[in-house]
Amino acid sequence: MKSIYSQIKGLHKNASPLDLLATWRKTFDKASERQVTLFQKMYTDEWFTYNTPQMSLTAEAIVGKYNLRFMATLIGDESPTPMRRSDGFDIWTKEIPRIGHKFPMLAREYRKLMEVYQNPYISETEKVRQIEKTLKHDIQDAYLGCKDVMDFIVLMALSNWGVAQFKPEINNPGGRVYEVDYNMPSDNKLVGAFNWTTANTKAGKVSPILVLGALCADLRNRGIEPGEILMSQDLYYWLRMDGSTRLIAHGNDKKESVVTTSEMESLLAEHEIPKITIARRKMGIDMDGKRKAVEPWNHNFIAVKPAGVIGEIQPAIEDSELIEEDDVDYINAGNGIRIAKWRTGESTGQVAAEYTQGSGRLLPLITDIGAVVCMQVRGITEKTISPDESGNERFYCTKAEFDGEAGLPEG
């Protein structure tokens, strides 16, 4: 049956009859026209663009590689132009998964809504405000919950060497096993020689600021310009408070002084290190009927990404848009996300309730994965890393090299 909100008639807003669901359809349409985000902004809104929904359920992206570019050859006036091999792009293909969830509003909650609607002592303006508040809450949870998945995939992949995983028993209750592997280059999967801990910085084994400076210099030598560094809130706070940072920022005379946020920004700039962005997202999952918080970001990792956009989100047309049901109200929320509202009751053999569902087919494509670097800085089994070819000490190495490194564990 159609949503109860499509049955609420007689309300007026600005002297015009109010159709609650039509109002929200227009709200989403206007938001799409202005390319603004409803409710709240997410990391993927800043780092990704949205493609037009496609019919195919396979996402295909052109993924950039980052190599030193070829210099043109000096050739004679009548000489043929030499051919270069084209190794700047790869094609990355992946299934676009379906995402979705629904929320019930039971009869007892509907009674409260009707009390407002039918109360002759409440002004029409207040009735509209209260009813719209309930409707907005349902749509907001359904809509943002779908966008949360995009943030979850990206943040997990950026702090897990380019891989995001969904497992029903851990972070996807009621769902399927699913993995996205963005094929991060092995040279971009790094491991530090020593854990970023107070004990190690006091012992002079590691200086995080110097490590970040060396990492950024290395990336620039490879033709990659670092734009921002991602880390957890607790790691950033520790970095500001640690003695090695205070010493670099203030010198011996004032090394006991706390490094303020503005001083930290100046310190990073002086060492040609880009700004630090804190990955502080948490998502709620329904685990056995209880709300449980999960974090996509691994606190043991940092990531370095180019500034601004690093990819695109590819939606596919949702099944309900191809085959709509007569007794369901739909709202296109934009970017492939659909909101559906319907009622159940005796005629369907179900509990009397109003359901709000958000669903879509979406997958973020990190097209600049070759310019993204992921490094483990905590939770490391510490090893001595062999010097580079010039005999210089190294602060980190690739994961593949670390796993096969023959150095002895530190005591």
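Here the focus is the overall build of the chain. Each helix and strand in the chain was counted, giving 11 helices and 20 strands. If one aligns the C-alpha atoms of the chain with their principal axes, the spans along those axes are about 85 × 70 × 40 Å. Looking at the chain as a whole, 45% of its 411 residues qualify as buried. Look at the contacts in the chain between residues 6 or more apart in sequence, and 74% of them connect residues 24 or more apart. For the chain, the accessible surface area stands at approximately 22200 Å², while carbon and sulfur atoms represent 49% of it.

So, on to helix α3 (residues 107-118). One turn of the α-helix equals 3.6 residues, which is why residues spaced by three or four share an orientation. Spanning 12 residues, α3 covers 16 Å between terminal C-alpha atoms, matching the ideal 16 Å at 1.5 Å per step. Turning to α3, its buried residues number three or more, namely Leu-113, Met-114 and Val-116. When α3 is viewed along its axis, its buried side chains cluster within an angular range of 155° and face the same direction. Those residues of α3 that are exposed and aimed more than 90 degrees away from the buried face are Arg-108, Arg-111, Lys-112, Glu-115 and Gln-118.

This brings us to the confidence of the model for the chain. Of all residues in the chain, 90% attain a pLDDT of 70 or more, and the chain-wide mean is 87. Note that residues 406-411 has pLDDT below 50 and, in this model, nine contacts with residues that lie over four places away or in other chains.

Ranked by internal contacts, the top residues of the largest apolar core, which has 105 residues, are Tyr-5, Trp-47, Leu-158, Trp-196 and Met-264. In terms of residues, this core owes the most to one element, helix α4 (residues 124-158), which gives 16 residues. Not counting residues within four places of it along the chain, the set of residues in contact with Leu-158 comprises Trp-47, Leu-230, Trp-297, Ala-303, Ile-366, Val-372 and Cys-374. Judged by nonpolar contacts, the second largest core, of six residues, contains Tyr-330, Ala-340, Trp-342 and Tyr-355.

Let us look at the side chain of Gln-376. By secondary structure assignment, the location of Gln-376 is in strand β19 (residues 373-376). One polar contact links the side chain of Gln-376 to the main-chain carbonyl oxygen of Arg-378, over a distance of 2.9 Å.

For the rest of this paragraph, the subject is the layout of surface pockets. One water molecule sets the probe size; rolling that probe over the atoms shows where empty space is left. In this model, the largest pocket occupies a volume close to 1300 Å³. For the largest pocket, the lining is made up of 35 residues, of which Gly-100, His-101, Gly-145, Gly-284 and Ile-285 are closest to its centre. Secondary-structure elements contributing two or more residues to the lining of the largest pocket are β6 (98-106), α4, β12 (283-287) and β13 (290-294). The class makeup of the residues in the lining of the largest pocket is 15 nonpolar, 10 polar and 10 charged. Looking at the second largest pocket, its volume works out to about 400 Å³. Forming the walls of the second largest pocket are 17 residues, and the residues nearest its centre are Gln-35, Val-36, Thr-37, Tyr-50 and Asn-335. Every element with two or more residues in the lining of the second largest pocket is listed here: α1 (20-34), β3 (48-50), α4 and β16 (329-334). Residue composition of the lining of the second largest pocket, grouped by class: eight nonpolar, six polar and three charged.

This next bit is on the sheet that holds strand β11 (residues 275-278). On the basis of which strands lie adjacent, the open sheet formed by six strands has the order β11-β10-β14-β19-β9-β20 and mixed pairing. Each having just a single partner strand, β11 and β20 (396-398) make up the two edges of the open sheet. Direction aside, neighbouring strands of the sheet carry axes that sit 25° apart on average. By the bridge criterion, three bridges tie strand β10 (residues 228-231) to strand β14 (residues 301-305) in an arrangement that is antiparallel. Opposite Ile-229, over in β14, you have Val-304 as the bridge partner. Seen against the sheet, helix α6 (residues 208-221) touches β9 (189-192), β10, β14, β19 and β20 and runs at an angle of roughly 40° to β20.

Within a regular beta strand, the side chains point alternately toward one face of the sheet and then the other, so they alternate between its two faces. With five bridges joining them, β12 and β13 adopt antiparallel strand pairing. Bridge assignment links Gly-284 to a residue of β13, and that residue is Ala-293.

So, about α6. In this model α6 runs 20 Å from its N-terminal to its C-terminal C-alpha over 14 residues, within 8% of the 20 Å that 1.5 Å per residue would give. Listed as buried for α6 are Pro-208, Ile-209, Val-211, Leu-212, Gly-213, Leu-215, Cys-216 and Leu-219. Of the residues flanking the end of α6, it is Gly-223, one or two places downstream, whose phi is positive at about 85°.

Our next topic: the pattern of salt bridges. What the rule picks out here adds up to 16 salt bridges. Two residues, Arg-98 and Glu-318, come together in a salt bridge whose shortest N-O distance is 3.0 Å. Taken together, the residues Arg-98 in strand β6 and Glu-318 in the loop between β15 (311-316) and α10 (319-322) connect sequence positions 220 residues apart. Look at Glu-318 and you get buried, because its relative accessible area is 0%. For Arg-361, the salt bridge goes to Asp-319, with nearest N and O atoms at 3.3 Å. Here Asp-319 lies in helix α10 and Arg-361 lies in strand β18 (residues 353-365), a separation of 42 residues in the sequence.

About the cut-offs
- Residues numbered from 1 in each chain as written.
- Predicted model: local features only at pLDDT ≥ 70, side-chain atom pairs only at ≥ 80, totals over all residues.
- Heavy atoms only, no water.
- Helix = DSSP H or I, 4+ residues; strand = E, 2+ residues; numbered from the N terminus.
- Buried < 20%, exposed > 50% of the residue type's maximum accessible area, 1.4 Å probe, protein only.
- Contact = heavy atoms within 4.5 Å.
- Areas by Shrake-Rupley, 256 points an atom, 1.4 Å probe, with all protein chains shown as cover.
- Expected span 1.5 Å × (residues − 1).
- Arc of directions from axis to C-beta.
- pLDDT = per-residue confidence, 0-100.
- Core = buried A, V, L, I, M, F, W, Y, C linked by side-chain atoms within 4.5 Å.
- Polar contact = N/O pair within 3.5 Å; in protein donor to acceptor, adjacent residues only side chain to side chain.
- 1 Å grid on protein atoms, 1.4 Å probe; cavity = no way out; pocket = protein on both sides within 12 Å on 5 of 7 lines; lining within 4 Å.
- Points joined across faces, edges and corners; volume = space filled by probe spheres on them.
- Nonpolar A, V, L, I, M, F, W, Y, C, P; charged D, E, K, R; others polar.
- Pairing = 2+ DSSP bridges.
- Axes fitted to C-alpha atoms, helices over the stretch in contact; angles between N-to-C directions.
- Salt bridge = Lys/Arg side-chain N within 4 Å of Asp/Glu carboxyl O.

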